[in-house]
Amino acid sequence: MTASPLSRRTFLRGSALAAGAVAAGGALSACGSSGSGSGSGSGLAYWDWYVTQAPWVDGEISRFQKAHAGVTVKKTTQVSAKYADLVALAYRSGSTPDVFMVPQSPGLAEQVDRGWLLPLDQWATASWQSRFPAGTFIEGANVFGGKVYSAPLKGSAPQYQLYIHNGVFRTAGLTNPDGSVKTPTTWDEVSAAADAITRKSGGKTYGFGFGNGDNMGLMAWWLDLFVRGAGAPGGAPSGSGTGLDLRVGRWTYASDRSYADFLDLMVQWKQRGYFYPDSLSLSDEAARAFFERGRFGMTVGGVWNQPEWTQHRFTDYSLVTLPSPGATPKAFYYADPVGTGAFAAVSARTKHPQQAFQWVDALTSPAAGRRWVQDLNGVSVYPADNAPAGIDSKPFAAFVAMTAQELTGPVPVIRNPDLAGVAPQAPKSDIGDLVTGVYTGQIKDLQSALSSLAGEKEQLLSTAVAAVAKGGKKAAMTDYVFADWDPTRPYTAAKA
């Protein structure tokens with residue numbers, strides 16, 4: 001699955017990933033010795049973290065190998081929660097893959113500074129770039145010093161959705177007069193649906209469920225989905241993964257009451273028995289299976305859920321995004337080219353640079369993008385690929401339609417490309433850990449915890465900005481402030 005973009009999501013995790021890695025090409029050491037950094041033969045080593053999207057990848061590999069005689073692609077699917085560490089380890093050990101999905105950490109700018117990535121300008125000509133939509137290649141996003149280092153496949157869409165098991169809803173009597181499922185769109189409606197499901201089942205079925213046993217911060221997804229519609233445009237992993245409220249250039253966890261209001265509501269849901277009791281110990285993959293079987297009626301996730309459910313012939317579900325306290329959302333998801341501009345990159349250590357670029361070229365082509373959409377993996381960076389024709393899945397068509405609920409937002413690095421070098425350290429525990437602590441009851445003073453985390457993240461960003469400024473570049477905390485931004489309207493390019 002893909003995290004948000006997510007980037008994040010927009011982001012795949014699950015305990016079965018290790019088995020997928022072995023099936024796809026082996027462990028780290030095996031991959032390194034099978035033709036990645038070593039350059040043996042004409043084999044290209046390729047890494048990603050895709051599991052539910054694996055059939056698409058396998059299909060693209062097959063097509064590529066038929067079109068490029070003598071070139072083979074050896075895929076390794078790594079554990080997504082450890083992906084960034086595994087890529088860093090590969091560089092330290094000299095066993096890097098030739099082509100890999102770009103890890104979210106460190107940032108792309110830092111990967112370029114470390115000498116990890118090969119500039120693609122020899123092949124990524126102006127003519128080649130022109131096949132992508134205007135504004136795809138941006139200095140500070142996937143272009144550094146005028147050189148292109150990566151290309152996108154995926155388009156931008158609301159990262160998280162509330163998934164609704166139609167059968168569970170019908171059993172609980174949550175239907176409209178015409179028999180259709182009564183889809184909840186407000187916090188109160190979600191609460192009422194969870195109550196009806198839990199109460200009418202006699203405790204056999206629960207209103208909500210999730211799988212956080214992999215300790216991957218999944219609880220932040222719930223916060224992000226629900227607080228946006230309440231008017232918190234930073235959400236949790238908003239935009240480039242920062243969670244900043246760009247109206248003020250700060251984390252507003254403590255000052256925007258949307259965060260505390262939702263966390264209080266989540267605690268009430270738990271106290272009333274609406275959550276599947278073992279959610280914290282389930283893996284995300286197990287939770288998807290439990291939802292499919294009707295063990296609970298609602299879960300939060302992304303489009304990466306859909307291919308697996310479709311493979312299992314489970315399509316009796318609905319989805320909504322941005323459930324809000326009122327009838328109209330007060331903030332939305334925001335398209336961010338920084339999050340979608342990087343997909344695949346070539347290692348600077350590859351001994352097959354031309355073939356490696358050819359694989360990147362194939363992975364990010366309009367034809368591959370169309371197949372990406374047809375296989376229900378997400379939206380393509382190419383708008384024509386997202387046309388309704390060819391989309392037979394009603395739930396996936398609903399997801400594609402949700403792109404209308406995503407607006408253009410401000411992106412600091414477009415206004416000041418020097419910010420690409422800003423790489424703040426991660427806090428000891430982040431917002432996902434905080435939400436988990438609230439859910440388990442370990443965090444008693446919510447307001448203090450929210451304030452402390454916001455302050456820590458702001459200090460870490462300030463330190464990183466100061467380091468860039470000390471190096472002679474123009475960077476300041478004010479670069480993250482867009483005081484004229486109205487979160488209910490698209491942020492126009494003229495203002496950026």
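Residues numbered from 1 in each chain as written. Predicted model: local features only at pLDDT ≥ 70, side-chain atom pairs only at ≥ 80, totals over all residues. Heavy atoms only, no water.

Caption draft 1: Seen up close, the overall build of the protein. The helix and strand tally for the protein stands at 19 helices and 14 strands. Burial status across the protein gives 57% buried among its 496 residues. When the accessible surface of the protein is totalled, it reaches about 19,400 Å², and 52% of it is carbon and sulfur. (Helix = DSSP H or I, 4+ residues; strand = E, 2+ residues; numbered from the N terminus. Buried < 20%, exposed > 50% of the residue type's maximum accessible area, 1.4 Å probe, protein only. Areas by Shrake-Rupley, 256 points an atom, 1.4 Å probe, with all protein chains shown as cover.)

Caption draft 2: Representation of the sheet that holds strand S11 (residues 317–320). Spatial ordering of the open sheet is given by S9-S10-S8-S11, a layout of 4 strands whose pairing is mixed. Each edge of the open sheet is held by one strand with a lone partner, namely strand S9 (206–208) and S11. With strand direction ignored, the average angle separating the axes of adjacent strands in the sheet is 20°. Across the face of the sheet, helix H11 (residues 284–292) comes into contact with strand S8 (161–165), strand S10 (296–301) and S11 while running at roughly 140° to S10. (Pairing = 2+ DSSP bridges. Axes fitted to C-alpha atoms, helices over the stretch in contact; angles between N-to-C directions. Contact = heavy atoms within 4.5 Å.)

Caption draft 3: Broad picture of helix H10 (residues 257–271). An ideal rise of 1.5 Å per residue puts 21 Å on 15 residues; H10 measures up with 21 Å between its terminal C-alpha atoms. Within H10, the full set of buried residues consists of Ser-258, Tyr-259, Ala-260, Phe-262, Leu-263, Leu-265, Met-266 and Trp-269. Looking one or two residues beyond H10, the residue adopting positive phi is Gly-273, at roughly 80°. (Expected span 1.5 Å × (residues − 1).)

Caption draft 4: Representation of helix H15 (residues 366–374) in the model. Where H15 is concerned, the buried positions are Ala-368, Gly-369, Arg-370, Trp-372 and Val-373. For H15, the elements touching its buried residues are helix H3 (54–67), helix H14 (353–363) and helix H16 (394–401). The first or second residue beyond H15 is Leu-376, which carries a positive phi of 70°.

Caption draft 5: Quick look at the nonpolar core. Formed by 149 residues in total, the largest nonpolar core has its most connected members in Trp-222, Phe-262, Leu-263, Trp-269, Met-298 and Trp-359. If one sorts the elements of this core by residue count, helix H19 (residues 446–470) sits on top with 9 residues. (Core = buried A, V, L, I, M, F, W, Y, C linked by side-chain atoms within 4.5 Å.)

Caption draft 6: Quick look at the pattern of salt bridges. Within the structure shown, the criterion is met by 15 salt bridges. Of the charged contacts in the structure, one is a salt bridge between Arg-114 and Glu-110, with a shortest N-O distance of 2.6 Å. Salt-bridge contacts for Arg-257 lead to Asp-261; the nearest nitrogen and oxygen are separated by 2.8 Å. Taken as a pair, Arg-257 and Asp-261 lie in helix H10 at a separation of 4 residues, close to a single helical turn. (Salt bridge = Lys/Arg side-chain N within 4 Å of Asp/Glu carboxyl O.)

Caption draft 7: Seen up close, the sheet that holds strand S5 (residues 99–101). An order of S4-S3-S5-S13 is seen for the 4 strands of this open sheet, with the pairing classed as mixed. Each edge of the open sheet is held by one strand with a lone partner, namely strand S4 (72–77) and strand S13 (344–346). Each strand of the sheet is rotated relative to its neighbour by a mean of 20°, with strand direction disregarded. As judged from the 2 bridges shared by strand S3 (residues 43–48) and S5, these two strands associate in the parallel manner. Each bridged residue has a counterpart across the sheet, and for Tyr-46 the counterpart in S5 is Val-99.

Caption draft 8: Fine view of the packing of helix H18 (residues 431–440) against H19. At a minimum axis separation of 11 Å, H18 and H19 run at an interaxial angle of 170°. The angle between H18 and H19 falls in the class roughly antiparallel. Along the contact surface, H18 presents Ile-431, Leu-434 and Val-438, while H19 presents Leu-446, Ala-449, Leu-450 and Leu-453. Per-class residue counts for the contact of H18 with H19 are 7 nonpolar, no polar and no charged. (Parallel < 35°, antiparallel > 145°, perpendicular 65-115°, else oblique. Nonpolar A, V, L, I, M, F, W, Y, C, P; charged D, E, K, R; others polar.)

Caption draft 9: Just the confidence of the model for the protein, in detail. Put simply, the protein has an average pLDDT of 87, and 88% of its residues get 70 or more. Here residues 1–41 is modelled with pLDDT under 50, and outside its nearest four sequence neighbours on either side it reaches 136 contacts, counting other chains as well. (pLDDT = per-residue confidence, 0-100.)

Caption draft 10: Highlighting the environment of Arg-257. A relative accessible area of 61% means that Arg-257 is categorised as exposed. Sequence separation of Arg-257 and Gly-231 is 26 residues, and the distance between their C-alpha atoms is 9.4 Å. A polar contact is formed between the side chain of Arg-257 and the side chain of Asp-261, at a distance of 2.8 Å. (Polar contact = N/O pair within 3.5 Å; in protein donor to acceptor, adjacent residues only side chain to side chain.)

Caption draft 11: Seen up close, the pairing of S8. Of all 5 residues in S8, 5 are buried; the element is thus mostly enclosed. Neither face of S8 is left uncovered, since the one carrying Gln-161, Tyr-163 and His-165 and the one carrying Leu-162 and Ile-164 both have all their residues buried. Where S8 meets S10, 4 bridges bridge the pair, whose relative direction is antiparallel. If you follow Leu-162 over to S10, its bridge partner there is Val-300. One ladder, built from 4 bridges, connects S8 with S11; its direction is antiparallel. Looking at the pairing, Leu-162 lines up with Val-320 of S11.

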